[in-house]
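Structural overview for review
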Amino acid sequence: MDDDAAEATQSFAADADICQQLLTRYARSSAAQHRHLCATAAATRSIIQSSSLPLTPISYFAATITSLSTSKNLDANALGAITSFISIVLPLVGRDEIKPEKATEAIRILVTIVDRSGGKLGTSGVRAVVKCVGALVAEFCNLEEWDSVALGFEWLLKFSLDKRPKVRKCAQDCLLKVFKSFESSAISKMASKSIYSLLKDHMQSATEMSSLKIRDGNKHEPMTRPEHQDVLHLLNVMKHVVPHFSPKVRTRMLPLLLKITSSHFSVVTRHVLDIISAIFATSGAEVIISNANDIFSSLLSYISLGEKNPPDSVLVAANLAKAALGRLHNDDVNEWTSYFPMLTESLAGLLSSKGNVALQTSIILRELIDQHIDGKSFEAIENLENEDKTTQNAEFNAVQTTCTTFYNLMSGPSPILNEYLFSVVAFLFLKLGKISHVFMKPILLKLSELMNNTSTNTSEVKHLEACIGSAVAAIGPERLLSLLPISLTTKEFSCKNVWLIPILNKNIIGSSLQFFMEHIVTLAESFERGSSKVKKSVIGQDLQAYAHGCWGLFPAFCRWPSDTYQSFGSLSKLLISFLKKDSFMLENVAIGLQELVNENKRVLASNCGSVQLTEVQRTGVVNEFEIDLERRHVYSRKTASKNIKALALCAKELLLSLTDVLLESPPETRKHLKGAIGCLTSICDPSVTKQVFIASLEKLQILDDINDDGKLKSDTDGLAKEKENSVTDATRCLILELASCIVEGSDEDLVNLLFSITKRALEESDEAGQMEAYQTLSTILEKHSGFGSSQFDVVMGLLTEKKSSANIELVKSRFTCLQALLIRALMSNMDEENTKSFLILNEIILTLKDSNEEGRNVAYDALHGLSSKLRNSADASFDGIYHKLLTMFTGYLSGPSPHIKSGVVSALSILIYSDPTVCITMPEVVPSVMELLHSKAIEVIKAVLGFVKVLVSCLPVIDLHHFLSDIMDGVLRWSSVSRHHFKEKIVVILEIMMRKCGTAKVKALAPEKYKDFVQGVVENRHGKKSSKESGNKDAKPDHSDSSLKGSYSFQTSILIFI
C-alpha cells in the first residue's frame, strides 16, 4: 500500500460513517490501493450491519481486529488494506471506548500479524501497524501496569532500530509519545531499563565503532555491519527519550556512554554528546557528582585534541564540561577546584584555533571564570604575596594554577598572543579585582614586556592595551605603578613605561586623589624639570608631552575616588594654582570637577528622582566593563553627602578662580569652564554664587550699574549713553555666559538680577548678545518655575516687544523661551494668560508659513519638542495641558484667514506625526480638518492633503479604518484637479490606504462618481507591484511607508508630506 491512504491529509469525522467517507473520497480513484481500501471498508461495514451494531469507529475497529485475528494467509494487498484501514479508524475511537485488556489483546494481534507476514507487508503497512500500536499503548493501555504496556513498548523499541527509515522514524516518534504518557515512575523505570539493557547488549559494537577513526578513505566503513547501524539507531532513540528516564537509570547509563566516548572523533561521538547533554539538562547534581571523574576524563581528553576533532563537536564537549563543573560548584562539592584548572588548561589551547573556535572558546572561558572565580573570597587573606609556603586553600590553588596556564601560553616556545587570549586575561583581572596582583603578577609583568617589545603598528597592541587597562581598573594605579613604575633617569633622560599614561587615562576608576597629588604630580614635575634640562629639543618635547599626559590624568582620578571628602581640601589649593598659571590644565581641571560633582549628585538623586547633570566631555573611559566597574565603586548616600559638603566648602575659591579665567578665556575654552562653574554653583550656598557673580561684575567694571536692591539702574537718567562704549556687547556676552551657568545655584534675588541683565541685553545688544540673553532666559524659566509664574507678564511683554529676527539661530533661542512660557500659560486657567498663549501660537503658526525653509524647520522643531515634552513628562498634569494645546489649535480652524488655517493644519500634521494617537484621544481633530476640504483656498487644500498623507502613513491600520470614509469623501472631491499636484497627492494617499487596509476596502468606500478614478489607481498600482504582490487583491496591512524611512530628518519628512 502507498502512503496516501494511511496518511491522508484530510481528517475523517468520527460522527459519520467511515466507510461512506472513504467511498466518497476514493470512489473515482483508479489506484489499486484505494480500491482495496474501499473494499475492506465495505466488507467491514457488512459485518457490522449483519451484527446489528452501530456504524461507529469503535465498531469498525473491533470488527477489523476480529477479522485480523481469524483470518489466515491474507495476500499482500488485503493485508495492506486492512492495516491502512485500522490506522484510519483508531484515531477516531474515543479515549474510554477500548478497555486496557482489550487494547493489550489488540496489540498482540497486530504484532503477530506483522511477525507472521514475513515480507508481504510493505513499508506503509508496517508503519500503519506501528502507529496503531503506539496509539494503543499511549492512550488505551493501563499505564500503571508494566504487563499491559510491555509487549507494545518492546515491539516499538524493536522497530525503532528498523533498517527502513520511514518505519524507524514512525516507531521512534511513537516511542517518545509513549514515554511522555507514562505517569507512574515505576513504569518509566521499567521502560528505561529496557533501553538500558539494549544499550548493554550493543556495547561491544559501540566500543568498536568508537575506536574507528573517521578518515577520508573509510568514512563509511563503520556503517557496513548491521549491528553498527543498530547502535546508531539506538543512540538516536536515546537522544530523544533519555530525558524521560528514571534518575537511577540515567546514573547507570552515563558511565556506559562515557566508555564509548574516545579522545578522537568517531561516528558515534555526536550522538553520545547529544545524549550526555540531555542527561545533564534533565538530571540533578547527583548524576554528575557520582560520575565526575569519568565525565571530566572523557570530555577533557576529547577537548585536548583540539583541531584534530571537528570544531563544533569540541565546543559541544567544552560546554558540557562547563555545565558539569557548574553543577559541582553550585552544590558546594569541593572537587570542582580540581577540575577547574584542568578544564581551563584544555580549553586554553583552543585560543589559537582558526575561525570561530577561538572566539567561542574565549566566551566559554570567560563564563567559567565568571561562574567560579570571585576575588572577594580572597580579600580576607592578607600578605599572600609574602607567603613562601603553598597555601592549603584548594580554591586558591585552582586560581593559581589557572593563572599559571595563561602565563605559560604567553611565554611558551609558540606563544599565543591574540585578542582572544587577552580578552580572557582581561576578564580574569576584573573578576579577581584588587587581589589579582597576588595571582597575576607574572602575567602583568609579561604584558609589560610585550608592550616594551611590541611595535606600535602591530595588530595586537590595541588588545594588549585593553588587557593592561583591565589590570588598571582591577588593582588600581597605586598597586600597578608599584609593579610597573613610570620613571625618568636624570642622567640619560630615558623613560620607562611611559606607554602606561594613556592606558591609565582610559581605565582609572575608584583611585585616590591623594595618590594623584603625591605621585602623579611629582612624576609630572620630574618630566617638566627634565624637559628644561635636556639639550636635545626632540627629547625635550617628548618629556613635555609626558608631563602633560600625567597632568591630564586628573579627570581619570576624579572618577569615583575613594577619598574625596578627606583629600579635596588639599586638592583644591593645587587646582587653584593650576587655574592661575597653567592654561593647558584648564580643560582637565574643569572636566575633573564636573566628574566629582556629578557622580555624587547622581548618588544623592538616585532615590529621589532624576537630576540634571552637566555633560562631561571625557577623553576616554573603559568601555566593556564600565558599568560594572562603576557599580563596584559607587558611593553610599552617606559618603556622597560628605563628599558634596567637602566640595561645597571649597567651592567659593574655586568659583572665583574659574570665573576669572572664564572672563579672560577665548570662546573655545569656555565650554568646559562653564560646565565646572555650573556644577559647583549647584551644590554651594546661593550667597556664595551671588558673591562670585558680583565679583565678576566688579572685575568687568559694571558693578556701578547695580542698585542697592540688586537690580540694574534705569537708563532714563542719561548715564546709559555715557557708558555705551564702556559696556560693550562682548562684555555683555561674557556676563550672560556666566549668568546662564549659575542660574541653577541662584536664589530669588540673584535670579531677578540675572533677569535684569538679560532684559537689558535683549533691548540693547547685537544678535550675539541677544542669543546669549535668550539662552540665559530659557535657563531661568526652566530651573526656576516660580520666576516663570511671578514674572510671566514681564517676560511675555519683553518677548512680545522684541520682534523675531531673520537670524535662524536667534529664532531657535527665542522659541526655546516661548516654549517654556507657553507651557506656563497653558497650566494657568486665567483668561489673560490664555490670551497670551494664543500670541505665542500665532508666532509659531506664522513661522510655519515662513518663506524661508530654515525658519519653517525651526518652527517644526519647536512644535515637535513641545509635543514630546508634554507627552513624555512624568507630571500627570501635562496630559491635560497637551489636550488643551490641541483644542486651541483646532479652534483656529474656524477662523477667517486661509493663511492662518493652513499654518494650523501644518502644525496639526506635525503633532500627529509625533503622536498618531491624538486622532483617537481627540476624535474631533480629523473631522475638523477634513471639513476644510470644502474650502476654495488653495493653500488650505494643499495643507489638508499633506495632513491626510501624514495621517494615513502614521496611523495604525486598526485606527485608520475609523477615518477611511471621511478621508475618501473629502479628498476625492479634488481628484480632478491637476494643478498644484493635487491629483498626484490624492493618488499617493489612496495607494497608501490600499496597501495598509486592502484594495477592496478602499474601493467599497468610493462614491459612485469617483469609482473610475479609484479603479484607475488600482490598475496603476497593480502594474507597479511585483507578481507576488499583484496576486493578492486584498493586501495585508502594511505599517511601513517609504516616506518615513531612510536618512530623512524629521523636518524633511514633514516637508515631503506637506
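Remember, predicted model here, so these are calculated numbers, not experimental data. (Residues numbered from 1 in each chain as written. Predicted model: local features only at pLDDT ≥ 70, side-chain atom pairs only at ≥ 80, totals over all residues. Heavy atoms only, no water.)

1. Focus: the overall build of the chain
Formally: Secondary structure elements follow DSSP: runs of H or I of four or more residues count as helices, runs of E of two or more count as strands, with numbering from the N terminus. Summary of the burial criterion: residues with accessible area below 20% of their type's maximum are buried, those above 50% are exposed, and those between are partly exposed, where the area comes from a 1.4 Å probe applied to protein chains only. Only heavy atoms matter for contacts: two residues are in contact if any of them lie within 4.5 Å across the pair. Here the accessible surface of atoms and residues is derived via Shrake-Rupley with a 1.4 Å probe, and residues count as covered only by protein chains that are part of the display.
Broken down by element type, the chain carries 55 helices and 2 strands. Expressed as a percentage of the 1058 residues in the chain, the buried residues total 53%. Across the chain, the fraction of contacts at a sequence separation of at least 24, relative to all contacts at a separation of at least 6, is 73%. When the accessible surface of the chain is summed, it comes to about 47900 Å², and 50% of that surface belongs to carbon and sulfur atoms.

2. A look at the packing of helix α36 (residues 729–742) against helix α38 (residues 767–783)
For clarity, the cut-off: Axis lines are fitted to C-alpha atoms, over the contacting stretch for helices. Their N-to-C directions set the angle, which ranges from 0 to 180 degrees. The labels follow the angle: roughly parallel below 35 degrees, roughly antiparallel above 145, roughly perpendicular from 65 to 115, and oblique for the rest. For any pair of crossing helices, the crossing counts as left-handed if the nearer helix is rotated counterclockwise from the farther one by less than a right angle, and right-handed if it is rotated clockwise.
At a closest axis distance of 9 Å, the pairing of α36 and α38 adopts a crossing angle of 15°. Considering the angle they form, α36 stands roughly parallel to α38. Crossing handedness for the pair α36 and α38: left-handed. Of α38, the residues touching α36 (which contributes Cys 733, Leu 736, Glu 737, Ala 739 and Ser 740) are Ala 768, Gly 769, Glu 772, Ala 773, Gln 775, Thr 776 and Thr 779.

3. Some words on the packing of aromatic side chains
Test applied: Put simply, two rings from Phe, Tyr or Trp (the six-membered ring, in Trp's case) pair if the centres are within 6.5 Å, and we call them stacked under 30 degrees between planes, edge-to-face over 60, tilted for the rest. Look at NZ for Lys and CZ for Arg. If either is within 6 Å of the ring centre and within 35 degrees of the ring normal, a charge sits over the ring.
All chains considered together, the criterion is met by 19 aromatic pairs. With a centroid separation of 5.5 Å and an interplanar angle of 50°, the aromatic rings of Phe 516 and Phe 554 are classed as tilted. Taken together, the residues span a long stretch of sequence, with Phe 516 in helix α25 (residues 513–533) and Phe 554 in helix α27 (residues 554–557) at a distance of 38 residues. Taking the relative accessible area as the measure of exposure, Phe 516 reaches 0% and is therefore buried. Between Trp 974 and Phe 982, the aromatic rings sit 5.8 Å apart at their centres with planes inclined by 85°, giving edge-to-face as the arrangement. One exposure class covers both Trp 974 and Phe 982, and it is buried. The ring of Phe 12 carries the charged tip of Arg 25 above its face, separated from the ring centre by 4.0 Å.

4. Comments concerning the packing of helix α17 (residues 311–330) against helix α18 (residues 336–348)
Heads up, the condition is: Here the term charged refers only to Asp, Glu, Lys and Arg, the term nonpolar to Ala, Val, Leu, Ile, Met, Phe, Trp, Tyr, Cys and Pro, and the term polar to all other amino acids, Gly among them.
Between α17 and α18, the least distance of the axes is 10 Å, while the angle of their chain directions is 160°. Between α17 and α18, the angle falls in the class roughly antiparallel. Between α17 and α18 lies a crossing whose hand is left-handed. The residues of α18 that touch α17, namely those facing Ala 318, Ala 321, Lys 322, Leu 325, Leu 328 and His 329, are Trp 336, Tyr 339, Phe 340, Leu 343 and Leu 347. A per-class count over the contact of α17 with α18 returns 9 nonpolar, 1 polar and 1 charged.

5. Concerning helix α5 (residues 76–89)
In an α-helix, one turn spans 3.6 residues; hence positions three or four apart end up facing the same way. The condition is simple: To estimate how far a helix should reach, multiply one less than its number of residues by 1.5 Å.
The terminal C-alpha atoms of α5 lie 20 Å apart, and with 14 residues this matches the ideal 20 Å at 1.5 Å per residue to within 8%. Burial analysis of α5 places 11 of its 14 residues in the buried class, the great majority of the element. Listed in full, the buried residues belonging to α5 are Leu 79, Gly 80, Ala 81, Ile 82, Thr 83, Ser 84, Phe 85, Ile 86, Ser 87, Ile 88 and Val 89.

6. Considerations on a negative patch on the surface
Put simply, the test is: Like charges within 9 Å and nonpolar side chains (Val, Leu, Ile, Met, Phe, Trp, Tyr) within 5 Å are joined into patches, using only residues over 30% in relative accessible area that form no salt bridge. Salt bridge, as used here, is a side-chain nitrogen of Lys or Arg placed within 4 Å of a carboxyl oxygen of Asp or Glu. Counting rule applied: Lys, Arg positive; Asp, Glu negative; His and chain ends not counted. Working definition for charges: the position is that of NZ of Lys, CZ of Arg, CG of Asp or CD of Glu.
On the surface, Glu 144, Glu 145, Asp 147 and Glu 183 cluster together into a negatively charged patch. Here Glu 183 lies in the loop between α9 (165–181) and α10 (185–201).

7. Topic: the environment of Ala 524
Positionally, Ala 524 belongs in helix α25. Residues Ala 524 and Tyr 546 lie 22 residues apart in sequence; the distance between their C-alpha atoms is 7.3 Å. With residues near it in sequence (within four places) discarded, Ala 524 still touches Ala 547, Cys 550 and Trp 551.

8. Topic: the side chain of Thr 405
The topology assignment puts Thr 405 in helix α20 (residues 394–411). Other than its neighbours up to four places away in sequence, Thr 405 contacts Glu 345 and Ala 348.

9. Section: the environment of Ser 148
Its location among the elements puts Ser 148 in helix α8 (residues 146–159). Since its relative accessible area comes to 9%, Ser 148 is described here as buried. Not counting the four nearest positions on each side in its chain, Ser 148 is found in contact with Pro 100, Thr 104, Cys 141 and Asn 142.

10. Comments concerning the nonpolar core
The cut-off we apply is this: For the purposes of this section, nonpolar cores are sets of buried Ala, Val, Leu, Ile, Met, Phe, Trp, Tyr and Cys residues that join through side-chain atoms within 4.5 Å.
One finds Leu 257, Phe 693 and Leu 990 to be the most contacted residues of the largest nonpolar core, which totals 347 residues. The contact partners of Leu 257, leaving out residues within four places of it in the chain, are Leu 199, Leu 235, Met 238, Val 272, Ile 275, Ile 276 and Ile 279. Counting residues in hydrophobic clusters, the runner-up holds 5 residues, among them Ile 509, Trp 560, Val 603 and Tyr 635.

11. Overview of the pattern of salt bridges
Under the definition given, this model contains 21 salt bridges. Between Glu 737 and Arg 670 there is a salt bridge, and its shortest N-O distance comes to 2.6 Å. Separated by 67 residues along the polypeptide, Glu 737 in helix α36 and Arg 670 in helix α33 (residues 667–683) bring together distant segments of the chain. The exposure class of Arg 670 is buried, given its relative accessible area of 13%. We note a salt bridge from Lys 836 to Asp 793, for which the minimum N-O separation is 2.6 Å. With a gap of 43 residues between them, Lys 836 in helix α42 (residues 831–848) and Asp 793 in helix α40 (residues 792–801) connect regions that are remote in the sequence.

12. What about the state of the cysteines?
Using the following cut-off: When two cysteine sulfur atoms lie within 2.5 Å, the pair is treated as a disulfide.
Enumeration over the complete set of coordinates arrives at 0 disulfides. Considering cysteine sulfurs only, Cys 174 is the nearest to Cys 132, which forms no disulfide, with 9.2 Å between them.

13. Topic: the environment of Leu 464
Inspection of the secondary structure puts Leu 464 in helix α23 (residues 461–483). You can call Leu 464 buried: its relative accessible area is 1%. In the structure, Leu 464 is positioned 45 residues away from Glu 419 in sequence and 7.6 Å away in space, judged by C-alpha atoms. Non-local contacts of Leu 464, meaning those with residues more than four positions away in its chain, are made with Phe 422, Leu 447, Leu 450, Met 451 and Thr 454.

14. With respect to a positive patch on the surface
A surface patch of positive charge is lined by Lys 193, Lys 200, Lys 248 and Arg 252. Mapped onto the positive patch, the elements with two or more residues apiece are α10 and α13 (247–259). Note that Lys 248 resides in helix α13.

15. Here we look at the side chain of Ser 313
What counts here: Think of a polar contact as two N or O atoms within 3.5 Å of one another; within protein, one of them needs to be a possible hydrogen donor and the other a possible acceptor, and neighboring residues in sequence only count if both atoms come from side chains.
Its place among the elements puts Ser 313 in helix α17. Engagement of the side chain of Ser 313 in a polar contact is seen with the backbone oxygen of Pro 310, the distance being 2.7 Å. Beyond its immediate sequence surroundings of up to four residues, Ser 313 is in contact with Phe 265, Arg 270, Leu 273 and Tyr 302.

16. Concerning the confidence of the model for the chain
Quick reminder of the rule: Every residue is assigned a pLDDT by the predictor, reflecting its confidence on a scale from 0 to 100.
Overall, the prediction assigns the chain a mean pLDDT of 84, with 87% of residues at 70 or greater. Across the chain, the secondary-structure element scoring lowest on mean pLDDT is helix α55 (residues 1050–1057), at 38, and the one scoring highest is α27, at 96. Within the model, pLDDT remains below 50 along residues 1–10, and this stretch shows 26 contacts once partners closer than five positions in the same chain are excluded. Predicted confidence is poor over residues 608–627, with pLDDT under 50, and the contacts of this stretch with residues over four places away or in other chains come to 37 contacts.

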